[in-house]
Structure formats: C-alpha cells, structure tokens
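# Residue-level structural notes
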Amino acid sequence: WRREALERRKVRDTLASVAAVISRQMYVKAWKHWIRLDSGGSYHFTRGEEGGIGSSDLLLQEARLMDNIEEGAAIVRKLKSHTLEGRDLDAVYAQTTLLSDEDENHYLKGEFLFNAKQYEASLRCYERVEAVISSYLHDETTALDAIELYAKVANKIGQIHLRLQSINLAIVYFGRQLSLAQEEHLEVQRIEALIGLSECYVQKNDFNYACEFLQQCLPLLSRSDKEKEKVVYALLQKCYEHLNKSEEAVICERKIHDMRDTRAERVEAAFERMDILRQRLIDVSASNSRVVQAQASSAKRVSLAKQLKAKEKDVSDSKEAMKESRDFLSQLIDLESEIRAEIDTATNTKKNRIISFRIHDSSQEIKKKELLFMLNEKLNITQMKQEECRNDLISLKRTTRNLNDDISYLQEEIVLEERPLIERVIGQRRYRCVALNTSNTVHSNVPGVGDGGTSFVAMSNGKECYIHDIKSGELETVFMGDVEDQHVGPLVGHTATITAVFFYGKRVYTGSLDSSIICWDIDSAVKLFRSKGHEGTVTCIFYDGTKAISGAADKTIILWSTDGILLHRISGHVGVFVWDLIHQQESDQITRVKCRQRLTLPQGNVSTLYLLGESELITGDSIGYLKVWNIQSAEALTSVKVHEGAVTSLQADATKAVSCGLDMLIHITDIIQGSVLQTLRGHDSPIFAVAFDQRQIVSVSSDGEIRFWSWGR
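From a predicted model like this one, the values you see are computed outputs, not experimental measurements.

### Some remarks on the overall build of the protein
The helix and strand inventory of the protein stands at 17 helices and 30 strands. Considering only intrachain contacts with a sequence separation of at least 6, the fraction spanning at least 24 residues in the protein is 46%. Carbon and sulfur atoms form 51% of the exposed surface of the protein, whose accessible area is close to 39900 Å².

### Remarks on the sheet that holds strand 30 (residues 705-710)
Sheet strands pair via backbone hydrogen bonds, and the direction of the pair is either parallel or antiparallel. Pairing is antiparallel across the open sheet formed by 4 strands, whose spatial order is 3-30-29-28. The open sheet terminates on both sides in strands that have one partner only, identified here as strand 3 (289-293) and strand 28 (687-692). Averaged over all adjacent pairs, the angle separating strand axes in this sheet is 15°, with direction ignored.

### Structural notes on the nonpolar core
Within the largest apolar cluster, 30 residues are counted, with the highest numbers of intra-cluster contacts made by C200, C217, V232, L236 and C239. Elements supplying a minimum of two residues to this core: helix 8 (167-184), helix 9 (187-203), helix 10 (207-217), helix 11 (226-242) and helix 12 (246-258). Among the elements that take part in this core, helix 9 stands out by supplying 8 residues, more than any other. Once residues within four sequence positions are removed from consideration, C200 is found in contact with L162, I167, A170, I171 and F174. Judged by nonpolar contacts, the second largest core, of 21 residues, contains Y126, L149, V153 and I157.

### Quick notes on the packing of helix 10 against helix 11
For the pair helix 10 and helix 11, the least separation of the axes is 10 Å and the interaxial angle reads 150°. Taken together, helix 10 and helix 11 sit at an angle that is classed as roughly antiparallel. Here the hand of the crossing between helix 10 and helix 11 comes out left-handed. Touching F207, A210, C211, L214, Q215 and C217 of helix 10 are V232, L235, L236, C239, Y240 and H242, all from helix 11. Classifying every residue of the contact of helix 10 with helix 11 by side-chain character gives 10 nonpolar, 2 polar and no charged.

### Some remarks on the pairing of strand 28
The element strand 28 is largely enclosed, with a buried count of 5 among its 6 residues. In the sheet, strand 28 pairs with strand 29 (residues 696-701) via 5 bridges, with the strands oriented antiparallel. What sits directly across from I687, in strand 29, is S701. Hairpin remark: strand 28 followed by strand 29, antiparallel, with 3 residues in the connecting loop.

### Observations regarding the packing of aromatic side chains
For the structure shown, the criterion picks out 12 aromatic pairs. For the ring pair Y107 and Y126, a centre distance of 5.9 Å and an interplane angle of 90° mean the geometry is edge-to-face. Here Y107, found in helix 5 (residues 101-115), pairs with Y126, found in helix 6 (residues 119-134); they are 19 residues apart in sequence, far enough to count as distant. Residue Y107 shares its accessibility class with Y126, and that shared class is buried. Among the aromatic residues, those joined into a ring-pair cluster are Y504, Y509, F529 and Y543. The lysine or arginine in question, R290, covers the ring of F708, its NZ or CZ lying 4.2 Å from the ring centre.

### Comments concerning helix 5
Side chains that are three or four residues apart share a direction in an α-helix, a result of its 3.6 residues per turn. Taking 1.5 Å of rise per residue, the 15 residues of helix 5 would be expected to cover 21 Å, and the 21 Å separating its terminal C-alpha atoms lies within 8% of that figure. Taken across its 15 residues, helix 5 has 12 buried, putting it largely inside the fold. Taken as a whole, helix 5 has its buried residues at D103, E104, N105, H106, Y107, L108, K109, G110, E111, F112, L113 and F114. Just downstream of helix 5, K117 is the residue with a positive phi angle, here 65°.

### Observations regarding the sheet that holds strand 23 (residues 635-641)
The sheet built from 4 strands is open, its strands ordered 20-21-22-23 with antiparallel pairing. On the outer flanks of this sheet lie strand 20 (606-612) and strand 23, each paired with one strand and no other. For this sheet, the mean angle separating the axes of adjacent strands, direction not counted, is 20°.

### Focus on empty space enclosed by the protein
Scanning the model with the defined rule gives 2 cavities of 30 Å³ or more in all. If you trace the second largest cavity, you find it lined by I618, L626, K627, V628, T638, V640, T669 and I671. Ranked by the residues each element gives to the lining of the second largest cavity, the list is headed by strand 22 (residues 625-630), at 3 residues.

### Side note on unusual backbone geometry
If you check the backbone angles, Q165 has positive phi at about 65° while not being a glycine. A relative accessible area of 52% means that Q165 is categorised as exposed. Of note in this structure, A634 is not a glycine but carries a positive phi near 60°.

### Topic: the pattern of salt bridges
Counted according to the given criterion, the structure contains 16 salt bridges. Residue E614 pairs with R596 through a salt bridge whose shortest N-O separation is 3.4 Å. With a gap of 18 residues between them, E614 in the loop between strand 20 and strand 21 (616-621) and R596 in strand 19 (residues 590-599) connect regions that are remote in the sequence. A relative accessible area of 63% places E614 in the exposed class.

### Structural notes on helix 6
End to end, helix 6 covers 22 Å across 16 residues, agreeing with the expected 22 Å (1.5 Å per residue, within 8%). Within the span of helix 6, buried status applies to Y119, A121, S122, L123, C125, Y126, V129, E130, V132 and I133.

### Regarding the side chain of E342
Position of E342 relative to the elements: it lies in helix 14 (residues 299-348). Exposure remark for E342: the relative accessible area of 16% places this residue in the buried category. Apart from residues lying up to four places away in sequence, E342 is in contact with S356, R358 and L375.

### Looking at the confidence of the model for the protein
Overall, the predicted model of the protein reaches an average pLDDT of 81, with 83% of residues at or above 70. Looking at the elements of the protein, mean pLDDT is at its lowest for strand 1 (residues 83-84), recorded as 42, and at its highest for strand 11 (residues 507-512), recorded as 95. Across residues 36-54 the pLDDT falls below 50, and counting only partners more than four positions away or on other chains, this stretch makes 29 contacts in the model. Segment residues 80-94: pLDDT under 50, and 21 contacts once partners within four positions in sequence are set aside and those in other chains are kept.

### Points about a nonpolar patch on the surface
On the surface, V267, F271 and M274 cluster together into a nonpolar patch covering about 300 Å² of accessible area. Among the secondary structure elements, F271 is positioned in helix 13 (residues 263-287). Overall, the relative accessible area of 52% leaves F271 in the exposed class.

### Description of the pairing of strand 7 (residues 456-461)
Of the strand pairs in this sheet, strand 6 (residues 433-436) and strand 7 are connected by 4 bridges, and their pairing is antiparallel. Of the residues in strand 7, the one forming a bridge with C433 is S460. Alignment of strand 7 against strand 8 (residues 464-469), held across 6 bridges, turns out to be antiparallel. Residue M459 lies in a different strand from strand 8, and its bridge partner there is Y466. Linking strand 7 back to strand 8 in an antiparallel pair, the connection comprises 2 residues, with G462 at a positive phi of about 65°.

Conventions we followed
Residues numbered from 1 in each chain as written. Predicted model: local features only at pLDDT ≥ 70, side-chain atom pairs only at ≥ 80, totals over all residues. Heavy atoms only, no water. Helix = DSSP H or I, 4+ residues; strand = E, 2+ residues; numbered from the N terminus. Contact = heavy atoms within 4.5 Å. Areas by Shrake-Rupley, 256 points an atom, 1.4 Å probe, with all protein chains shown as cover. Pairing = 2+ DSSP bridges. Axes fitted to C-alpha atoms, helices over the stretch in contact; angles between N-to-C directions. Core = buried A, V, L, I, M, F, W, Y, C linked by side-chain atoms within 4.5 Å. Buried < 20%, exposed > 50% of the residue type's maximum accessible area, 1.4 Å probe, protein only. Parallel < 35°, antiparallel > 145°, perpendicular 65-115°, else oblique. Left-handed = near helix turned anticlockwise from the far one by under 90°. Nonpolar A, V, L, I, M, F, W, Y, C, P; charged D, E, K, R; others polar. Phe/Tyr/Trp six-rings, centres within 6.5 Å; stacked < 30°, edge-to-face > 60°. Lys NZ or Arg CZ within 6 Å of the ring centre and 35° of its normal. Expected span 1.5 Å × (residues − 1). 1 Å grid on protein atoms, 1.4 Å probe; cavity = no way out; pocket = protein on both sides within 12 Å on 5 of 7 lines; lining within 4 Å. Points joined across faces, edges and corners; volume = space filled by probe spheres on them. Salt bridge = Lys/Arg side-chain N within 4 Å of Asp/Glu carboxyl O. pLDDT = per-residue confidence, 0-100. Patch = residues over 30% accessible without salt bridge, like charges linked within 9 Å, V, L, I, M, F, W, Y side chains within 5 Å.

Right, here's the structure in full:
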C-alpha cells in the first residue's frame with residue numbers, strides 16, 4: 001500500500017510539474033507586456049500595437065493555448081493509465097531509483113514531453129538527467145544501473161536529435177549507447193542503438209552502412225519482440241529498395257507480412273461471419289413470407305392511367321359499334337337489291353295480282369299497283385336507313401380517331417411521368433400512415449379476398465392518400481390534397497399533411513394537421529364529406545359502421561355520425577381513459593358519454609391499443625412495452641418489453657398479441673405468460689400496420705412493402 005501511495009504521489013507531482021512547464025512559457029512572455037499597462041489610464045486595444053495586452057507575442061501565445069491544453073490532456077491520459085506504449089511504468093523506470101525525486105521528475109517529464117512531440121523541452125530534461133547520471137558512473141556500487149540508465153538517456157537524446165534533423169548529433173549519442181551496451185553486454189540497449197544508427201544513416205542516404213547495422217541487429221532479436229523485428233525488416237526493405245536489391249526487399253516484405261498481428265483481422269472476420277449468420281437468419285424469416293411491393297407512382301400518373309383506361313374502353317366500344325353499323329349497312333344494301341329486283345319483276349309482269357312476302361313478312365297476294373307503291377315506300381325507307389348508317393359510321397370513325405389521338409397524348413404524358421428522375425424520387429417515398437381494412441379483420445379475412453372483403457390498403461404521404469390493391473400492390477386511387485384560397489368552391493382534400501388514417505368497409509377516414517377529417521368512398525373515388533371540429537392536429541380516428549370517433553392534439557375526443565355531423569365532444573383528455581357510451585332506450589342514439597376507468601402508465605406514452613372484450617385492454621407504448629390491463633381495477637396484469645422503440649400497431653386474441661414497431665420487427669407475444677413466442681424479420685423500414693386471421697399475418701411498412709406471413713413458419 002505504501003509503495004502504491006508513493007507512486008501515486010510521484011505521478012501527481014509529475015503532472016503538476018508538467019502543467020507548470022506548459023503554462024510557464026506563455027505567462028513569462030505575456031508578463032513583459034502586461035506590466036507596461038498604465039494602471040491609472042485607459043488603454044485602447046489594437047492587434048497591431050507593439051506593447052501592452054494587444055501585442056503580437058501575446059496573441060501568438062493565446063493562439064497556442066488550445067494546443068497546449070490538448071497536449072496536456074494527452075499527458076494526463078497517459079499518466080492515469082500508468083502505461084506508456086504498452087509497457088508498465090515500473091519496468092520502464094526501474095533504474096530511476098538512483099535519482100532524486102526532482103531528477104526523477106525531470107526524467108519522467110522528458111519521457112512524457114517526448115511522446116507529446118515537445119522535443120526541445122524534452123531534450124532539456126534529458127540533458128539535465130544526463131549530467132546527473134554522469135556522477136554515478138564512477139561509483140562501483142551503482143555503476144551497472146547508472147550505465148544502463150545512461151544508455152537509455154543517450155538513446156532518448158539520440159531519438160530527439162534524429163527527429164530534429166540533427167543527424168550527426170544523433171549518431172554521436174547512439175554511438176555512446178552502443179559502446180556502453182557492448183561493454184556491459186546490455187542486449188536490449190545494443191539493439192536500440194543499432195536501430196537508431198541505421199535510422200540515422202537511412203536519413204543520410206548511406207544505405208550500405210545502414211544495412212550493416214541492421215544485419216548486426218537481426219541475430220540479437222528474440223522471437224518475442226515482434227515490434228522491433230518488424231522495424232528492422234522495414235528499414236532493411238527500404239535500404240534494399242534504394243540499393244535495387246528487389247529480391248531481398250521482397251523477402252523482407254514477406255517477413256513483415258508474416259509477423260503482422262492477425263488478432264484484429266480474426267476479430268473482424270468473426271464479426272463478418274456473425275453478420276452473415278444474422279443476415280441468414282433474417283433471410284430465412286423473410287423467405288417464409290410473400291412480398292408485395294406497393295406501386296410507387298405519382299397522383300398525376302394514376303389520373304392519366306385512369307383516363308387512358310377509360311379512353312381505351314371507349315375506343316373498344318366505338319370499334320364494336322362500327323362493326324355492328326357495317327354489318328347493318330351490308331344488310332340494308334342486300335335488302336335494297338332484293339326490293340329493286342322485286343319491283344322490276346312486278347313492273348314487267350302482266351298479272352294484276354302478285355304474290356309477295358316482302359310487305360307483311362308473309363306470302364300474300366296483292367294487286368300489282370298497290371304492291372309497286374308499297375315496295376317503293378320500303379325502298380325509300382331502306383335508303384334513308386343506309387344514309388343514317390353511313391353517317392353513323394363517319395361519326396364513329398371520327399370519334400375513334402379523336403380517341404386514338406387522346407390515347408397518344410395520354411401515353412406521352414405517362415412516359416413523362418415515368419422518367420427515371422421522377423421514378424427515383426417517387427421510389428424513395430415513405431408513407432407516414434398506413435391502415436389495413438378493419439372490417440376484414442372483424443370477419444377473419446385480413447386480405448379481403450372473397451365475398452364481403454375489401455382487398456385494399458390505405459397509405460398516406462403528405463396531403464395525399466393512396467389506395468393500393470393488397471394482392472398486387474397496384475395503385476388504384478389517389479385522394480388528392482388541396483390548397484386554400486386557390487379556387488372557388490369547397491376544398492377537394494386536405495390542406496396539410498395527413499396524420500391519421502382509418503380504413504373500414506368501403507370508407508377511408510383521414511385526419512390532418514389542418515384539424516379536419518375527410519371521409520372518402522373507395523368505390524366511387526370521391527369525397528363523401530369534410531368535417532371540422534377539432535382545434536389541433538387530428539392524431540387518431542376510429543369507425544365501426546355506425547359512428548366515428550376522433551382524437552386530436554387539442555386534448556378533445558369527438559363522436560361523429562356516419563354523415564360527419566358532430567354528436568358529442570369530450571374535452572380535457574390526458575392519459576388513457578375507458579368510456580361508456582350511453583344510448584337512448586330502444587334506440588341507437590347516443591345520449592351521453594361516461595368515464596368508466598382511467599389507466600396510468602409509469603413511463604412512456606400509449607402509441608396503440610386493442611380492446612379485448614369488456615374487461616381487458618392491451619396497450620403498446622412509446623418505449624416498446626405491451627401491457628394487458630384489467631379495466632375494472634386499472635391494474636396491469638402483464639407487462640413485457642417486446643420492441644426497441646415505439647409500438648406502432650397491434651392485434652390480439654385471448655392468448656396472443658401480434659405487434660409491430662419502429663424497430664422493423666414483428667413479435668408474437670404470449671399475453672398470458674408475458675413472453676415473446678416468435679420474431680418475424682424481413683422488413684427494411686419501420687412497420688406501421690399489422691393484422692392477422694386464422695391463416696396468416698399481414699404487415700405493411702413505411703416503404704410500401706406488404707408481407708404475408710403464414711402461421712407455423
């Protein structure tokens with residue numbers, strides 16, 4: 001304990017001395033200018049002034065202040081770690097016990113200043129220590145330790161002169177170290193001296209002489225000292241390259257490569273294998289799902305595509321009508337020929353009565369004069385119909401030509417909308433809100449395939465709401481936003497970013513930063529109504545076919561009729577409340593709203609919830625917890641951390657909950673035991689919607705990726 005206390009005191013004293021050296025140089029020069037100030041008068045500060053606080057020397061010292069602080073900090077870190085280039089301080093300074101505390105501090109300061117690249121200050125410290133050690137060299141009791149310490153100091157002084165480009169002085173000190181090491185058989189000092197001399201002669205471009213020193217050094221190196229061996233071979237390689245000895249240089253390079261520390265490479269390779277294994281696990285999970293990518297397209301392109309589809313149908317109908325008109329015209333022409341032939345026959349016959357089926361569509365005997373009159377009338381009618389048919393054909397041809405022109409124009413516009421830059425920008429679209437059709441979930445048919453289902457998913461980006469086919473990802477409809485005061489009449493859509501989306505049956509409800517709620521019909525692709533009642537951003541919406549409920553940042557809840565009429569307003573909402581809707585007797589009309597219970601979370605905020613019957617409620621919060629609550633007692637029955645980040649959507653049944661979050665994962669949780677049963681990986685963006693039925697789980701992420709996960713995989 002006493003030895004450690006003394007060591008700590010030496011370290012503390014050394015640190016104080018080093019700090020004094022760092023700051024003393026600045027204050028000595030600054031003091032000469034500070035004393036010139038006239039204490040009785042005012043002083044105007046200018047940067048170009050020779051004397052006073054504004055002098056150039058003081059400004060220079062102030063500019064160096066931050067550098068000095070950083071160097072001092074580096075020294076502090078080395079002191080606190082008690083290591084110096086990977087060596088223990090006791091081993092480095094074993095011979096310093098010969099010195100007094102003051103001289104030992106100078107030795108330590110020289111070492112620290114050398115590592116801080118303060119070579120001139122370090123040289124002064126070592127030269128002082130050198131002068132002190134010289135007095136011990138003639139004392140037989142301490143001669144060996146003094147010689148070894150002197151050799152070390154000589155090496156340090158040589159290193160400093162080498163870095164200050166005083167090569168000849170460096171050679172002198174490395175030579176002294178080599179002589180002492182050879183006399184006393186100090187192998188470590190001999191190696192360091194030989195390396196130092198070789199570095200000096202490399203600097204002087206005397207590569208042959210440097211090679212001689214390095215060749216002497218090689219037999220002395222032990223296999224354990226890999227660092228020095230690498231330095232020697234690196235210097236040899238440099239010498240051989242300058243001497244044009246390529247084979248020897250290649251051998252040295254190979255030696256250096258074989259001696260490299262492979263631990264970092266092995267660790268990096270292990271991490272790479274772990275990443276590959278982790279990615280393989282993710283890929284296995286992802287391969288168990290069917291992926292549909294929502295079509296990324298602009299609203300204009302969708303509108304153009306709809307117009308193009310309608311025009312193409314009109315062209316098809318027009319061509320069909322033209323075909324029918326041509327067939328009818330051909331029949332009329334044949335009928336005209338038959339009537340004319342019968343008129344000629346009747347005219348040339350000498351009979352007064354002629355049998356004909358042309359008049360009454362049956363064989364009948366008619367007087368010749370009467371027959372000719374009727375046949376001429378029918379001929380005139382046939383010719384008139386032919387003329388009408390020809391006019392219709394001309395009109396249909398003109399219409400078809402115009403439609404084809406429109407189709408060409410629309411195709412050109414679509415090509416413009418499909419340019420690479422536009423597609424790249426649209427491809428980076430990220431959806432803020434996503435809603436699966438809740439009515440499908442109620443009927444245990446999440447994709448909405450079959451009778452009674454609606455196979456669409458609603459997503460919002462900015463002021464627009466996009467309706468995609470959930471099976472193919474094709475963009476079916478875009479409900480556009482609008483700008484206030486830009487046109488006469490009611491607003492077409494939202495005037496600010498959509499912040500809430502709810503999808504039920506054929507209706508999509510959207511809420512926005514503009515405090516409004518809009519109900520859209522996906523069959524007719526029109527706005528049914530726009531309701532305004534909140535005074536803040538709409539944050540959530542619910543609809544069950546009989547009523548709509550919305551919450552907003554103004555801390556109010558509003559109940560709406562199916563026509564968008566405000567029924568009830570609840571103000572001052574903070575936290576999680578469970579409400580009872582009181583209906584009029586023998587009527588579905590809501591008369592009042594009553595608070596049944598309030599739930600309190602110890603930390604985090606509720607980000608999504610799901611009601612389990614009349615007695616239990618599941619919440620997902622902003623810090624990744626799922627909690628099962630007893631509504632009657634307001635007690636959390638189960639609490640489990642499932643996500644790293646906010647839970648964005650969840651659905652549950654009596655035993656399990658399926659949740660998704662911003663961590664791009666889907667968790668299946670046992671809500672009875674409070675444990676995660678399975679984790680589904682595969683999405684590359686935050687997941688905003690999840691739902692399940694008896695066959696599969698459907699999830700949708702912010703990049704428009706729709707995944708179908710089968711149970712049991």
